[in-house]
Amino acid sequence: MKKFLIYGSYGYTGSLIVEQAIKEGMRPLLAGRDERLLRVQAEKFGLEYRAFSIDDTAALDSALREVDAVLHCAGPFVLTYRQMAEACIRTKRHYVDISGEIEGFEALAAMDEDAKRAGIMLLPGGGFDVVPSDCLIAHVAKKLESATHLEIYIKSIGSGVSRGTARSGIENMQRQGRIRRDGMIVSVPNVWGSKQVDFGRGPSRVVSVGWGDVSTAYHSTGIPNVTAYMGFPAAMVNGMRLTRYFGFLLYNRAAKDFIKWLIGIFLKTGPSRNQNENGFSLMIAEATDGKQTVRAKLRTPEAYHLTALTAVEIMKRITSEDYKIGFQTPSKAYGADFILQFAGVMREDL
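If you're wondering where the values come from, they're calculated on a predicted model, not measured in any experiment. (Residues numbered from 1 in each chain as written. Predicted model: local features only at pLDDT ≥ 70, side-chain atom pairs only at ≥ 80, totals over all residues. Heavy atoms only, no water.)

As for the pattern of salt bridges
Then step 1. In total, this model carries 20 salt bridges according to the counting rule given.
Then step 2. A salt bridge links Glu24 to Lys316, with the shortest nitrogen-to-oxygen separation between them at 2.9 Å. Of this pair, Glu24 sits in the loop between α1 (12-23) and β2 (29-32) while Lys316 sits in helix α13 (residues 303-319), and the two are 292 residues apart along the sequence.
Then step 3. With a closest N to O distance of 2.7 Å, Glu103 and Arg178 form a salt bridge. With Glu103 in helix α5 (residues 102-109) and Arg178 in strand β8 (residues 178-181), this residue pair connects regions lying 75 residues apart in the sequence. (Salt bridge = Lys/Arg side-chain N within 4 Å of Asp/Glu carboxyl O. Helix = DSSP H or I, 4+ residues; strand = E, 2+ residues; numbered from the N terminus.)

Written out as structure tokens, the structure is:
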């Protein structure tokens, strides 16, 4: 089996991924900026590591030449994906990340021809966003090939948010209201849409968000109209709505950096081990052509735990020569049923 590098391995999600990789008998090369944290992690698992900034092109290229593929886990990805992806193209190494950020997805899609010339795969969204939702969307799209509109509804139960996820959200806060209309991604106000959706326990409120599927669902299925919805606590929804009027005060660099600093002080690293093991997520995908409607539901393990499972499985496949060159989404690379192999995942047609 060939070797892969995990950049950002000591972050909350990166640490879960390293543990899962070790369970699967893999020996990744660890990497990131902080030499001290890397050394502690590497000594714990008996792994090699390389400490360097992603902006150090020479060090980055040197590390990539030691491996066959990269699993990029260092966000906010809007600030880091391009350096890593361009380095992968230069060195002809496969690229996977665990991002959920639309800008990165669209920019990587635009690198498709470069990736094909390099003979590599670019696969963003290798975690909770967007593996399960992308696979569910591909499943309903196959059942209604004439579909013109797609909606995905997501609700997490018993989980939490990591510092990295929160910081990525802050970095992208001015971009959160996005939908796809007639094939184009367009901006809409935060909480642009609101619905009551029954995930199986009675109606639950969900609001529209700029989730990664607004980008990837179109690349996976060709469906030109896509809206993503997610369940949040009422207080958070009210805060999101307020950004319509006062968000401009928070969108400058100084404000973002200050909020991310506060997150580092007051927010726990991420969900507890108990939340990882017992939390879960529910998703419903709905495709329609105006005359017919197809719906399906998916239940998955807790989001961060699932990210470790899916990301490691993708790296196993790549290092076993199972990949498609060019820009890919999870379902394009590995099929709509890829998500079904993981314990705790159940899919149901509605």
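Describing the side chain of Ser220
Then step 1. Topologically, Ser220 is positioned in helix α9 (residues 213-221).
Then step 2. Here the side chain of Ser220 touches Asp134 through a polar contact of 2.6 Å, side chain to side chain.
Then step 3. Apart from residues no more than four positions distant in its own chain, Ser220 is found in contact with Asp134, Thr329, Ser331 and Lys332. (Polar contact = N/O pair within 3.5 Å; in protein donor to acceptor, adjacent residues only side chain to side chain. Contact = heavy atoms within 4.5 Å.)

Some thoughts on unusual backbone geometry
Then step 1. At the junction of Gly75 and Pro76, the peptide bond is cis and its omega measures out at -5 degrees in the coordinates.
Then step 2. Each neighbour pair has its own omega, and for Asp129 with Val130 the value is 20 degrees, a cis peptide bond.
Then step 3. You will see that Lys92, though not glycine, has its phi angle at about 60 degrees, which is positive.
Then step 4. Topologically, Lys92 is positioned in the loop between α4 (81-91) and β5 (94-97).
Then step 5. Residue classification places Lys92 among the exposed residues on the basis of a relative accessible area of 54%.
Then step 6. One non-glycine residue, Glu321, adopts positive backbone phi at about 70 degrees. (Buried < 20%, exposed > 50% of the residue type's maximum accessible area, 1.4 Å probe, protein only.)

Thoughts on the packing of aromatic side chains
In this description, an aromatic ring pair is defined by two values, namely the gap between the centres and the angle between the planes.
Then step 1. Evaluation of the coordinates by the stated rule reveals six aromatic pairs.
Then step 2. Judged by centre distance (5.3 Å) and plane angle (85 degrees), the rings of Tyr12 and Tyr304 are edge-to-face. Here Tyr12, found in helix α1, pairs with Tyr304, found in helix α13; they are 292 residues apart in sequence, far enough to count as distant. The pair Tyr12 / Tyr304 is uniform in exposure class, with both members buried.
Then step 3. Grouped by ring-pair contacts, the aromatic residues Tyr334, Phe338 and Phe342 constitute a single cluster.
Then step 4. Over the ring of Phe280 we find Arg299, and its NZ or CZ is 3.7 Å from the ring centre. (Phe/Tyr/Trp six-rings, centres within 6.5 Å; stacked < 30°, edge-to-face > 60°. Lys NZ or Arg CZ within 6 Å of the ring centre and 35° of its normal.)

Structural notes on the packing of helix α7 (residues 131-143) against α9
Then step 1. Their axes nearest at 10 Å, the elements α7 and α9 cross at an angle of 40 degrees. The orientation of α7 with respect to α9, classified from their angle, is oblique. The hand of the α7/α9 crossing is right-handed. Residue-level inspection shows Ser133, Asp134, Ile137, Ala138 and Ala141 of α7 in contact with α9, the latter providing Asp213, Thr216, Ala217, Ser220 and Thr221. (Axes fitted to C-alpha atoms, helices over the stretch in contact; angles between N-to-C directions. Parallel < 35°, antiparallel > 145°, perpendicular 65-115°, else oblique. Left-handed = near helix turned anticlockwise from the far one by under 90°.)

What about the sheet that holds strand β3 (residues 49-51)?
Then step 1. The strand order across the open sheet built from seven strands is β3-β2-β1-β4-β5-β6-β15, with neighbouring strands paired in parallel fashion. Pairing within the sheet leaves two strands with one partner each, and these edge strands are β3 and β15 (326-327).
Then step 2. Across the face of the sheet, α13 comes into contact with β1 (4-7), β4 (69-72), β5 and β6 (121-123) while running at roughly 170 degrees to β4. (Pairing = 2+ DSSP bridges.)

Comments concerning the packing of α1 against α13
Then step 1. Relative to each other, α1 and α13 sit at 50 degrees, their axes nearing to 9 Å. With respect to their mutual orientation, α1 and α13 come out oblique. Our pair here, α1 against α13, has a crossing hand that is right-handed. On α13, the residues touching Tyr12, Thr13, Leu16, Ile17, Gln20 and Ala21 of α1 are Tyr304, Thr307, Ala308, Leu309, Ala311 and Val312.

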